[in-house]
Every structure is written in structure tokens, then in C-alpha cells.
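# Coordinates in review
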Amino acid sequence: MEQFDQMLKELAEKEEIIVPDGFDERMKSTLDGLPPKPKKKGLGAVKTALIAAAACAALLCTAFAASPGLRELLGGFAAIAQEQDSEVYTWNGFEFKVLSAMADEATVRVYVQARDLEELGRLDFWGENWLEGPELELCGIKSSMHPTGFTGGSGAARYDEATQTAVMVATLQGILAEDLSGAEVWIDKMLASMHEDPWDPPVKIPIDVEIMPSKTVLRDIEVAETQVDEVRVSPLSIILEWEKHSEAAENGNLSWKEIRVKMKDGTVIKSEYDHESSNGSYRNDETGKDYQMVIWCFADPVDVDSIEGIYVGEDYFPIQ
């Protein structure tokens, strides 16, 4: 939870992008000249979408543009984030609509627009009434592995005081997701999940998101005094995984390493922070073994097939 709170603070401190005069007219003209295309982006087109990311980021749909700061939050991921056809839900003086989502095997992120209809400042993360605001959780993530450690949380990552509207980010990391067909955003009063047993929130919004495929790029490497069994990469994140030999978390010094991915064209894509984004652990019930994962999300999407090598801190590992 502390790592997720720090992520929200760092996102909130980023400068807003100012839309130049005439942008709407130029965008309309450009869109009018484009051929029809389906609303959803299939995962088979991820590589093409990455190449076109810069152009797509300037041509986001109306729902994205109307939400405070969503374009900045998505950045280059706007090309591969999956737009949601959510209805508008009203509860407890709030209005909610799921706008976008993206996921790989160990990270699920959902972007939800929320508006305080009573104008009480309950979505202002730095205001006096934020504890009266809503809490979002991601539920219904299916996995054949038994999770023994994961992180999740939510918060208002962008807030417009004039309209009392926020873009909230709900994140779940550390569970090896295999099926998101029943995944939902659960919404309730702050800390309700800790005080109600069983927890049955008043708002449950289904999400429709496909899992981006991951690719194993390295095996059996030693870094930061840790013997890593496998390194897997998706456009969204990189995972270092190894068999655990104790009940405690074994991420150690790895947690404070920055990841940099060197591409074949010479460009370098960094992790979103100079430390891990999250970590998790699970038990494989078939083998009876436990595994530790450390997860770094990327600052920009990665074309997995174009990776030349990976830096973990100052240690470099070429991709064969």
C-alpha cells in the first residue's frame, strides 16, 4: 500500500499538458480523414500499436479527453490500453465510469472517472475530506497458482477541483492472472473492506480486458546476490522470478534497482521508478514449491521482440 501511495503522489506532481489553440479543429480534421476502425484493439496488433503510439496518443477518444489528466497518465500506453464500454454508476453522491484498462500476467490497472456530485471535495487526495471518498478494489482475478503475497490499492491520481472530477487508478499486482473474464471494480466507502466480513460492496463494475502476453527473455542469472530463475517481459512490465527458500519475502536488494531495457535501435526504456513497482509470491500446488516475483512497470511500452539487452541496476544482460 505504501508503494502504491507513493506512485499516486508522484503521478500527482507531474505537470499537466496544455492543449494548444486550434487543437480541437486540427484533431477533428485528422480524424475525419482516417478510415473506420474497430473500437477495441486486439492484442495481436500490439507491435503495430507500439510503433504508432506517438500518433495515437494525440487522437484519443472523447471520453479520454474529457477526463482530467487521463492522457498524461496513459502516456505512450494510450496506444495499447483497452477502452471500456462501462455504464455510468451513481452511488453515495458519486458518479463512476470505467474508462480504460490494461493488464499482463502480474499487473492489472484500471482507470475510473469519478465525480463528487455533492461537491464536498471528497475526491481531493490532499484535501480534508478524502477519507469520506470511495475506495476501489480489483476482484475476480483468476489464477491456477495460489497467491501468497500481492499488493493492490487505488486513489485519485488526477483531480480537477473546478468540476470535482478525478481519474482514479485501481491496481492489483503480484497475482499471476490467467483469466480476467469475471474481473470487476468493487467500490465502497474508504476502508470498508477492512471492517466488513464478508465484504459485499454496493457497486461492482465489470471490466473487459485481455491479458498482454509475456515472453521469457532470460533464465538463470545472478543479480544483487539473488539467483533469478526466469525473466519475463510484456509491453507493460518486467518480472524477475525465482524459487523461494523461506517464508519471508526474498526480494532484498533487487527492490531498489532500476530497470533499463536497451532496444535494438539503441533507445533505452526505463522502469517507471528507480525501484520496483511491486512484488508478489505464489505457491505452485502441483509441485509444492513457492516462488517470489519482483515487478517493474515500464515508463513507456516495450516492443518485446526488439529488446537487445536488460540492465538491472548497473548489471547488463544481453538477450541471446
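See the structure printed just above.
Residues numbered from 1 in each chain as written. Predicted model: local features only at pLDDT ≥ 70, side-chain atom pairs only at ≥ 80, totals over all residues. Heavy atoms only, no water.

### Points about the overall build of the protein
What counts, and what does not: Only DSSP runs of H or I with at least four residues qualify as helices, and only runs of E with at least two residues qualify as strands; both kinds are numbered from the N terminus onward. Here the term buried applies to any residue with accessible area under 20% of the maximum for its type, exposed to any over 50%, and partly exposed to those in between, with areas from a 1.4 Å probe on protein chains only. In what follows, residue pairs with any heavy atoms lying within 4.5 Å of each other are defined as contacts. Using a 1.4 Å probe, accessible areas were evaluated by the Shrake-Rupley method; residue-level cover was limited to the displayed protein chains.
Along the protein, the regular secondary structure elements total seven helices and 19 strands. Within the protein, buried positions represent 49% of all 320 residues. Of the contacts made within the protein by residues no fewer than 6 positions apart, 65% connect residues no fewer than 24 positions apart. In the form shown here, the protein has an accessible surface area of approximately 16,000 Å², with 49% of it arising from carbon and sulfur atoms.

### Describing the nonpolar core
For clarity, the threshold we go by: We define the nonpolar core as a collection of buried residues of types Ala, Val, Leu, Ile, Met, Phe, Trp, Tyr and Cys that are connected through side-chain atoms lying within 4.5 Å of one another.
In terms of nonpolar packing, the biggest core is built from 40 residues, with V231, V233, I238, L240, L254, F298 and I310 touching the most fellow members. Sort the elements by how many residues they give to this core and strand 11 (residues 215-223) lands first, with four residues. Contact partners of L240, with chain neighbours within four places excluded, come to V223, V228, E230, V231, L254, Q292, M293, V294, W296 and V312. V108, L172, L180 and A183 belong to the second largest nonpolar core, which has 29 residues in total.

### Quick look at the side chain of T107
Here T107 is to be found in strand 4 (residues 107-116). Its relative accessible area of 0% is what places T107 among the buried residues. Other than its neighbours up to four places away in sequence, T107 contacts M102, L172, Q173, L236, S237, I295 and C297.

### Notes on the pairing of strand 19 (residues 315-318)
Just so we agree on the cut-off: Pairing between strands is defined by DSSP: at least two bridges between them are needed.
Relative to strand 19, strand 18 (residues 307-312) is paired through four bridges, and the arrangement is antiparallel. Bridge pairing in strand 19 links I310 to F317. Linking strand 18 back to strand 19 in an antiparallel pair, the connection comprises two residues, with G313 at a positive phi of about 65 degrees.

### Re the pairing of strand 16 (residues 278-284)
With six of seven residues buried, strand 16 is to be regarded as a mostly interior element. Looking at chain direction, strand 6 (residues 146-149) and strand 16 are connected through three bridges and run antiparallel. In the strand pairing of strand 16, P147 is matched with Y282. Taking the residues between adjacent antiparallel strands as the criterion, strand 16 and strand 17 (residues 289-297) are bridged by four residues, where G288 takes a positive phi near 75 degrees.

### Some remarks on the environment of P213
The residue P213 is located in the loop between strand 10 (203-206) and strand 11 in this model. Counting along the chain gives 108 residues from P213 to E105, while the straight-line C-alpha distance between them is 7.3 Å.

### With respect to the sheet that holds strand 19
Neighbouring strands of a sheet are bound in pairs by backbone hydrogen bonds; such pairs are parallel or else antiparallel. What counts, and what does not: Axis definition: a line fitted to C-alpha atoms, over the contacting stretch in the case of helices. Angles run 0 to 180 degrees between N-to-C directions.
Pairing is antiparallel in the open sheet, where four strands are placed in the order 15-14-18-19. A strand with exactly one partner marks an edge of an open sheet, and here the two such strands are strand 15 (268-270) and strand 19. For this sheet, the mean angle separating the axes of adjacent strands, direction not counted, is 20 degrees. By the bridge criterion, three bridges tie strand 14 (residues 259-263) to strand 15 in an arrangement that is antiparallel. Across the sheet, V261 pairs through a bridge with I269, a residue of strand 15.

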